[in-house]
Amino acid sequence: MKLMVGTLTRIGGAGIGYVSVENDKLDLIWSNGTLKDPNWLAKTKSGRWFAVSSNGTDPMKPGCIHELRITSDRIQIVSSQPTEGAGPCHMAFSEDERFLVCAQYATGSLAVFPLFDGSLGQCIQLITHTGNGPHPSRQTMPHMHQVTRIPTLSHCFCAVDLGIDALVVYEQAVNGMLSEKYRIAVPAGQGPRHIAYAGNGNAYLVTEIGNCVYPVIFDENVGEVVGEGVSTLEDLSSVNLAAALWTTPDDEGLLVSNRGEGTIVRYAIPSLEKTAVYRLPAKQPRDFCILDDQRIVAACQDFGLVLVKDGKVADALPYMGAVRVLCIS
(Lines give C-alpha, C1' and ligand atoms only; values in the text may rest on other atoms or scores of the structure.)
Protein backbone atom coordinates (compact mmCIF):
# COMPACT_ATOMS: atom_id res chain seq x y z
CA MET A 1 0.00 0.00 0.00
CA LYS A 2 1.25 3.49 -0.88
CA LEU A 3 0.48 6.83 0.80
CA MET A 4 0.87 10.47 -0.15
CA VAL A 5 1.79 12.92 2.62
CA GLY A 6 1.43 16.70 2.61
CA THR A 7 3.34 18.90 5.05
CA LEU A 8 3.73 22.43 6.35
CA THR A 9 7.16 23.47 5.13
CA ARG A 10 6.99 26.62 7.27
CA ILE A 11 7.39 24.44 10.39
CA GLY A 12 10.07 22.20 8.93
CA GLY A 13 8.14 19.93 6.59
CA ALA A 14 9.95 18.36 3.64
CA GLY A 15 7.12 18.98 1.16
CA ILE A 16 5.27 16.05 -0.38
CA GLY A 17 6.22 12.52 0.62
CA TYR A 18 5.59 9.11 -0.96
CA VAL A 19 5.38 6.37 1.67
CA SER A 20 4.90 2.61 1.54
CA VAL A 21 3.11 0.47 4.13
CA GLU A 22 4.30 -3.12 4.02
CA ASN A 23 4.04 -5.67 6.83
CA ASP A 24 2.91 -2.91 9.20
CA LYS A 25 6.05 -0.88 8.52
CA LEU A 26 6.18 2.68 7.21
CA ASP A 27 8.97 3.52 4.74
CA LEU A 28 9.66 6.82 3.01
CA ILE A 29 10.34 6.21 -0.69
CA TRP A 30 10.88 9.83 -1.76
CA SER A 31 10.27 13.46 -0.81
CA ASN A 32 9.77 16.49 -3.00
CA GLY A 33 10.18 19.98 -1.56
CA THR A 34 9.17 21.98 -4.65
CA LEU A 35 5.90 23.28 -3.20
CA LYS A 36 5.62 25.46 -0.10
CA ASP A 37 3.13 24.23 2.49
CA PRO A 38 1.42 21.54 0.38
CA ASN A 39 -1.01 21.03 3.25
CA TRP A 40 -3.83 19.41 1.29
CA LEU A 41 -3.71 16.80 -1.45
CA ALA A 42 -6.76 15.42 -3.24
CA LYS A 43 -7.49 12.89 -5.96
CA THR A 44 -10.46 12.69 -8.31
CA LYS A 45 -12.32 9.42 -8.87
CA SER A 46 -10.66 9.21 -12.29
CA GLY A 47 -7.21 9.46 -10.73
CA ARG A 48 -6.13 13.08 -11.23
CA TRP A 49 -4.05 14.52 -8.36
CA PHE A 50 -4.10 18.09 -7.03
CA ALA A 51 -2.25 19.96 -4.29
CA VAL A 52 -2.54 23.40 -2.73
CA SER A 53 0.45 25.53 -1.75
CA SER A 54 1.29 28.93 -0.32
CA ASN A 55 3.53 31.60 -1.80
CA GLY A 56 5.96 32.11 1.05
CA THR A 57 5.92 32.82 4.76
CA ASP A 58 3.27 35.56 4.56
CA PRO A 59 -0.09 33.81 5.16
CA MET A 60 -1.94 36.61 3.37
CA LYS A 61 -0.13 36.15 0.05
CA PRO A 62 -2.15 34.38 -2.65
CA GLY A 63 -1.99 30.61 -2.77
CA CYS A 64 -1.87 28.20 -5.70
CA ILE A 65 -3.55 25.04 -6.96
CA HIS A 66 -1.39 22.51 -8.79
CA GLU A 67 -2.27 19.45 -10.82
CA LEU A 68 0.30 16.72 -10.24
CA ARG A 69 1.43 13.62 -12.05
CA ILE A 70 2.66 11.04 -9.55
CA THR A 71 4.83 8.00 -10.23
CA SER A 72 6.69 5.61 -7.98
CA ASP A 73 9.83 7.76 -8.10
CA ARG A 74 8.70 11.38 -8.51
CA ILE A 75 6.00 13.99 -8.96
CA GLN A 76 5.61 16.35 -11.88
CA ILE A 77 3.64 19.60 -11.80
CA VAL A 78 1.31 19.48 -14.81
CA SER A 79 -0.29 22.92 -14.41
CA SER A 80 -0.75 25.60 -11.75
CA GLN A 81 -3.18 28.43 -11.08
CA PRO A 82 -3.34 31.17 -8.42
CA THR A 83 -6.26 30.80 -6.03
CA GLU A 84 -6.95 34.57 -5.89
CA GLY A 85 -7.07 34.24 -2.10
CA ALA A 86 -4.77 33.16 0.73
CA GLY A 87 -4.34 30.03 2.81
CA PRO A 88 -5.82 27.35 0.53
CA CYS A 89 -6.50 24.34 2.74
CA HIS A 90 -9.09 22.01 1.20
CA MET A 91 -10.54 20.93 -2.16
CA ALA A 92 -13.59 19.20 -3.56
CA PHE A 93 -14.69 18.20 -7.06
CA SER A 94 -18.00 18.37 -8.88
CA GLU A 95 -19.60 14.98 -9.43
CA ASP A 96 -18.77 15.05 -13.15
CA GLU A 97 -15.21 16.22 -12.35
CA ARG A 98 -15.55 19.29 -14.56
CA PHE A 99 -14.82 21.70 -11.70
CA LEU A 100 -12.58 21.99 -8.64
CA VAL A 101 -13.65 24.06 -5.63
CA CYS A 102 -11.03 25.28 -3.14
CA ALA A 103 -11.55 26.57 0.43
CA GLN A 104 -9.14 29.23 1.71
CA TYR A 105 -8.61 29.73 5.42
CA ALA A 106 -6.72 33.03 5.59
CA THR A 107 -9.15 35.03 3.45
CA GLY A 108 -12.34 33.07 4.17
CA SER A 109 -12.92 32.52 0.48
CA LEU A 110 -14.03 29.89 -2.00
CA ALA A 111 -12.46 29.62 -5.47
CA VAL A 112 -13.85 27.68 -8.45
CA PHE A 113 -11.68 26.28 -11.26
CA PRO A 114 -12.63 24.42 -14.46
CA LEU A 115 -10.92 21.10 -15.09
CA PHE A 116 -9.98 20.53 -18.71
CA ASP A 117 -8.50 17.38 -20.20
CA GLY A 118 -4.92 17.43 -18.97
CA SER A 119 -4.94 20.91 -17.44
CA LEU A 120 -6.36 23.13 -14.71
CA GLY A 121 -8.11 26.28 -15.84
CA GLN A 122 -7.98 29.76 -14.32
CA CYS A 123 -10.23 30.68 -11.39
CA ILE A 124 -13.69 31.58 -12.70
CA GLN A 125 -15.30 32.61 -9.41
CA LEU A 126 -14.13 33.85 -6.01
CA ILE A 127 -16.60 34.09 -3.13
CA THR A 128 -15.44 35.78 0.08
CA HIS A 129 -17.44 35.44 3.26
CA THR A 130 -17.98 38.32 5.71
CA GLY A 131 -18.63 38.42 9.43
CA ASN A 132 -17.05 37.16 12.63
CA GLY A 133 -17.68 35.05 15.71
CA PRO A 134 -17.34 35.57 19.47
CA HIS A 135 -13.84 34.14 19.98
CA PRO A 136 -11.53 37.14 20.48
CA SER A 137 -8.62 35.85 18.40
CA ARG A 138 -9.80 32.91 16.28
CA GLN A 139 -13.03 34.44 14.95
CA THR A 140 -12.22 38.04 14.09
CA MET A 141 -13.00 37.30 10.42
CA PRO A 142 -14.15 34.41 8.20
CA HIS A 143 -11.86 31.38 8.05
CA MET A 144 -13.09 28.77 5.60
CA HIS A 145 -11.60 25.42 6.59
CA GLN A 146 -13.22 22.86 4.30
CA VAL A 147 -15.45 22.42 1.28
CA THR A 148 -17.19 19.14 0.46
CA ARG A 149 -19.76 17.94 -2.04
CA ILE A 150 -22.97 17.02 -0.21
CA PRO A 151 -23.94 13.45 -1.23
CA THR A 152 -27.65 13.94 -0.56
CA LEU A 153 -28.05 17.26 -2.43
CA SER A 154 -27.42 17.21 -6.15
CA HIS A 155 -24.78 19.70 -7.35
CA CYS A 156 -24.35 21.18 -3.87
CA PHE A 157 -21.31 21.90 -1.72
CA CYS A 158 -20.92 22.68 1.97
CA ALA A 159 -18.37 25.34 2.96
CA VAL A 160 -17.33 25.04 6.61
CA ASP A 161 -16.41 28.45 8.02
CA LEU A 162 -14.68 28.42 11.41
CA GLY A 163 -14.59 32.20 11.68
CA ILE A 164 -18.31 32.87 11.40
CA ASP A 165 -19.70 29.67 12.99
CA ALA A 166 -21.58 28.66 9.86
CA LEU A 167 -22.00 25.94 7.27
CA VAL A 168 -22.82 27.59 3.95
CA VAL A 169 -24.53 25.44 1.32
CA TYR A 170 -23.83 26.39 -2.30
CA GLU A 171 -25.50 25.10 -5.44
CA GLN A 172 -23.41 24.79 -8.61
CA ALA A 173 -24.77 25.69 -12.02
CA VAL A 174 -23.88 23.91 -15.26
CA ASN A 175 -21.24 26.56 -15.98
CA GLY A 176 -19.58 25.90 -12.61
CA MET A 177 -20.70 29.08 -10.87
CA LEU A 178 -21.81 28.77 -7.25
CA SER A 179 -24.79 30.47 -5.61
CA GLU A 180 -25.65 30.38 -1.93
CA LYS A 181 -28.61 28.12 -1.19
CA TYR A 182 -28.85 28.46 2.60
CA ARG A 183 -26.81 28.67 5.79
CA ILE A 184 -26.71 26.49 8.88
CA ALA A 185 -25.80 28.20 12.14
CA VAL A 186 -23.30 26.41 14.38
CA PRO A 187 -23.41 27.09 18.15
CA ALA A 188 -21.56 30.34 18.82
CA GLY A 189 -17.84 30.04 19.49
CA GLN A 190 -17.57 26.38 18.47
CA GLY A 191 -15.48 27.09 15.36
CA PRO A 192 -16.62 24.43 12.85
CA ARG A 193 -13.75 22.68 11.05
CA HIS A 194 -14.69 19.52 9.10
CA ILE A 195 -17.77 17.63 7.89
CA ALA A 196 -17.82 13.88 7.15
CA TYR A 197 -20.52 11.80 5.48
CA ALA A 198 -21.59 8.22 6.11
CA GLY A 199 -22.77 6.03 3.24
CA ASN A 200 -26.40 6.36 4.31
CA GLY A 201 -26.18 10.13 3.85
CA ASN A 202 -25.86 11.04 7.53
CA ALA A 203 -23.45 13.93 8.11
CA TYR A 204 -21.30 14.83 11.10
CA LEU A 205 -19.42 18.00 12.07
CA VAL A 206 -16.37 18.46 14.29
CA THR A 207 -15.62 21.86 15.83
CA GLU A 208 -12.04 22.98 16.33
CA ILE A 209 -12.51 25.51 19.11
CA GLY A 210 -15.27 23.73 21.00
CA ASN A 211 -13.91 20.19 20.45
CA CYS A 212 -17.35 18.71 19.82
CA VAL A 213 -19.02 16.41 17.30
CA TYR A 214 -22.54 17.11 16.05
CA PRO A 215 -24.93 15.39 13.64
CA VAL A 216 -25.91 17.63 10.73
CA ILE A 217 -29.07 17.50 8.64
CA PHE A 218 -29.06 18.75 5.03
CA ASP A 219 -32.59 19.04 3.65
CA GLU A 220 -33.45 20.55 0.28
CA ASN A 221 -34.03 24.10 1.53
CA VAL A 222 -32.94 24.12 5.16
CA GLY A 223 -30.36 22.44 7.38
CA GLU A 224 -29.62 22.00 11.06
CA VAL A 225 -26.81 21.19 13.47
CA VAL A 226 -28.45 18.78 15.91
CA GLY A 227 -28.14 18.60 19.68
CA GLU A 228 -25.61 19.95 22.16
CA GLY A 229 -22.57 18.15 20.78
CA VAL A 230 -20.42 15.29 22.08
CA SER A 231 -16.97 16.19 23.39
CA THR A 232 -13.89 14.79 21.66
CA LEU A 233 -11.87 15.05 24.88
CA GLU A 234 -11.07 12.74 27.76
CA ASP A 235 -10.13 15.70 29.96
CA LEU A 236 -12.49 18.61 29.37
CA SER A 237 -9.88 21.04 30.72
CA SER A 238 -7.34 20.02 28.04
CA VAL A 239 -5.87 22.63 25.72
CA ASN A 240 -6.85 21.07 22.42
CA LEU A 241 -7.86 21.75 18.83
CA ALA A 242 -9.90 18.97 17.24
CA ALA A 243 -8.81 18.42 13.65
CA ALA A 244 -9.75 15.67 11.19
CA LEU A 245 -13.03 13.78 10.98
CA TRP A 246 -13.63 10.64 8.90
CA THR A 247 -16.22 7.87 8.84
CA THR A 248 -15.09 4.25 8.73
CA PRO A 249 -15.59 2.25 5.50
CA ASP A 250 -18.34 0.15 7.12
CA ASP A 251 -20.24 3.35 8.10
CA GLU A 252 -20.42 2.14 11.70
CA GLY A 253 -17.74 4.38 13.16
CA LEU A 254 -16.58 7.99 13.21
CA LEU A 255 -12.99 8.95 14.01
CA VAL A 256 -11.70 12.34 15.22
CA SER A 257 -8.13 13.51 15.87
CA ASN A 258 -7.21 15.71 18.85
CA ARG A 259 -4.25 18.09 18.63
CA GLY A 260 -3.24 18.64 22.23
CA GLU A 261 -4.42 15.43 23.85
CA GLY A 262 -2.61 13.50 21.12
CA THR A 263 -5.43 11.05 20.49
CA ILE A 264 -7.73 9.65 17.86
CA VAL A 265 -11.20 9.02 19.25
CA ARG A 266 -13.71 6.56 17.83
CA TYR A 267 -17.49 6.91 18.06
CA ALA A 268 -20.29 4.56 17.07
CA ILE A 269 -22.73 6.06 14.61
CA PRO A 270 -25.44 7.19 14.66
CA SER A 271 -25.43 7.10 18.50
CA LEU A 272 -22.08 8.99 18.85
CA GLU A 273 -21.20 6.79 21.80
CA LYS A 274 -17.44 6.92 22.38
CA THR A 275 -16.08 3.40 21.84
CA ALA A 276 -12.28 3.79 21.80
CA VAL A 277 -9.43 6.25 22.40
CA TYR A 278 -6.13 5.65 20.59
CA ARG A 279 -3.20 7.41 22.27
CA LEU A 280 -0.34 8.47 20.03
CA PRO A 281 3.35 9.17 20.72
CA ALA A 282 2.87 12.70 19.33
CA LYS A 283 0.58 15.49 20.51
CA GLN A 284 -0.48 17.04 17.20
CA PRO A 285 -2.32 14.48 15.03
CA ARG A 286 -4.05 16.32 12.22
CA ASP A 287 -5.28 14.31 9.25
CA PHE A 288 -5.36 10.51 9.25
CA CYS A 289 -6.01 7.71 6.78
CA ILE A 290 -8.09 4.61 7.52
CA LEU A 291 -6.30 1.72 5.79
CA ASP A 292 -8.67 -1.08 6.84
CA ASP A 293 -10.66 -2.32 9.84
CA GLN A 294 -7.55 -2.65 12.00
CA ARG A 295 -5.17 0.08 10.83
CA ILE A 296 -4.99 3.88 10.82
CA VAL A 297 -2.10 6.12 9.77
CA ALA A 298 -2.06 9.50 11.52
CA ALA A 299 -0.23 12.57 10.19
CA CYS A 300 1.19 14.30 13.27
CA GLN A 301 2.51 17.76 12.50
CA ASP A 302 4.90 17.69 15.48
CA PHE A 303 6.48 14.37 14.46
CA GLY A 304 5.41 12.53 11.31
CA LEU A 305 3.38 9.41 10.56
CA VAL A 306 2.11 6.96 13.16
CA LEU A 307 0.63 3.57 12.25
CA VAL A 308 -2.00 2.35 14.71
CA LYS A 309 -3.10 -1.27 14.52
CA ASP A 310 -5.86 -2.69 16.71
CA GLY A 311 -5.65 0.43 18.85
CA LYS A 312 -1.91 0.21 19.51
CA VAL A 313 1.06 1.95 17.91
CA ALA A 314 2.64 -0.48 15.43
CA ASP A 315 5.20 1.81 13.75
CA ALA A 316 6.23 5.44 13.36
CA LEU A 317 8.03 7.40 10.65
CA PRO A 318 9.56 10.82 11.44
CA TYR A 319 8.34 13.33 8.83
CA MET A 320 8.04 16.73 10.47
CA GLY A 321 5.11 18.95 9.57
CA ALA A 322 2.87 16.13 8.30
CA VAL A 323 -0.73 17.35 8.10
CA ARG A 324 -2.31 15.34 5.26
CA VAL A 325 -2.12 11.63 4.46
CA LEU A 326 -4.15 9.60 1.97
CA CYS A 327 -3.94 6.30 0.14
CA ILE A 328 -2.79 5.96 -3.43
CA SER A 329 -3.51 2.24 -3.57
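The numbering scheme is per chain: residues are counted from 1 as the chain's sequence reads. Per-residue local features of the predicted model are confined to residues with pLDDT of at least 70, and side-chain atom pairs are confined, for both listing and counting, to 80 or more; whole-chain, interface and lining totals are unaffected and use all residues. With hydrogens and water set aside, each side-chain value is computed from the structure's full complement of heavy atoms.

Asks: Lay out the side chain of E67 with the relevant residues and their values.
Replies: Within the fold, E67 resides in strand β6 (residues 62-70). Residue E67 is classed as buried on the basis of its relative accessible area, which comes to 6%. Side-chain polar atoms of E67 contact the side chain of R48, separated by 2.8 Å. When sequence neighbours within four positions are dropped, the list of residues in contact with E67 reads R48, W49, F50, Q76, I77, V78, S79, G118, S119 and L120. Secondary structure follows DSSP: runs of H or I at least 4 residues long count as helices, runs of E at least 2 residues long count as strands, and numbering of each begins at the N terminus. Only protein chains enter the area calculation, which uses a 1.4 Å probe; residues under 20% of their type maximum are buried, those over 50% are exposed, and those in between are partly exposed. Here a polar contact means two N or O atoms within 3.5 Å. Within protein one must be a hydrogen donor candidate and the other an acceptor candidate, and residues neighboring in sequence count only if both atoms are side-chain atoms. We call two residues contacting when some pair of their heavy atoms lies within 4.5 Å.

Asks: Now, about the pairing of strand β25 (residues 273-279): what can you tell me, with residues and values included?
Replies: In this scheme, strands are said to pair when DSSP sees at least two bridges between them. Across 6 bridges, the pairing between strand β24 (residues 263-268) and β25 is antiparallel. Paired with R266 across the strands is A276, a residue of β25.

Asks: Help me get a handle on the sheet that holds strand β1 (residues 2-7), residues and values and all.
Replies: What the 4 strands build is an open sheet, ordered β3-β2-β1-β30; its pairing is antiparallel. Looking at strand neighbours, the two that pair on one side only are β3 (25-32) and β30 (322-327), the edges of this open sheet. Put simply, the sheet's adjacent strands are angled 25 degrees from each other on average, direction ignored. Alignment of β1 against strand β2 (residues 16-22), held across 4 bridges, turns out to be antiparallel. Counterpart to L3 in the pairing with β2 is V19. The convention used is that axes are lines fitted to C-alpha atoms, helices contributing only their stretch in contact, and that angles between N-to-C directions extend from 0 to 180 degrees.

Asks: Give me the environment of P281: which residues, what numbers.
Replies: Within the secondary structure layout, P281 lies in the loop between β25 and β26 (285-290). Note on P281: relative accessible area 56%, which makes it exposed. In the structure, P281 is positioned 32 residues away from V313 in sequence and 8.1 Å away in space, judged by C-alpha atoms. Setting aside anything within four residues of it in sequence, one finds P281 in contact with V306 and V313.

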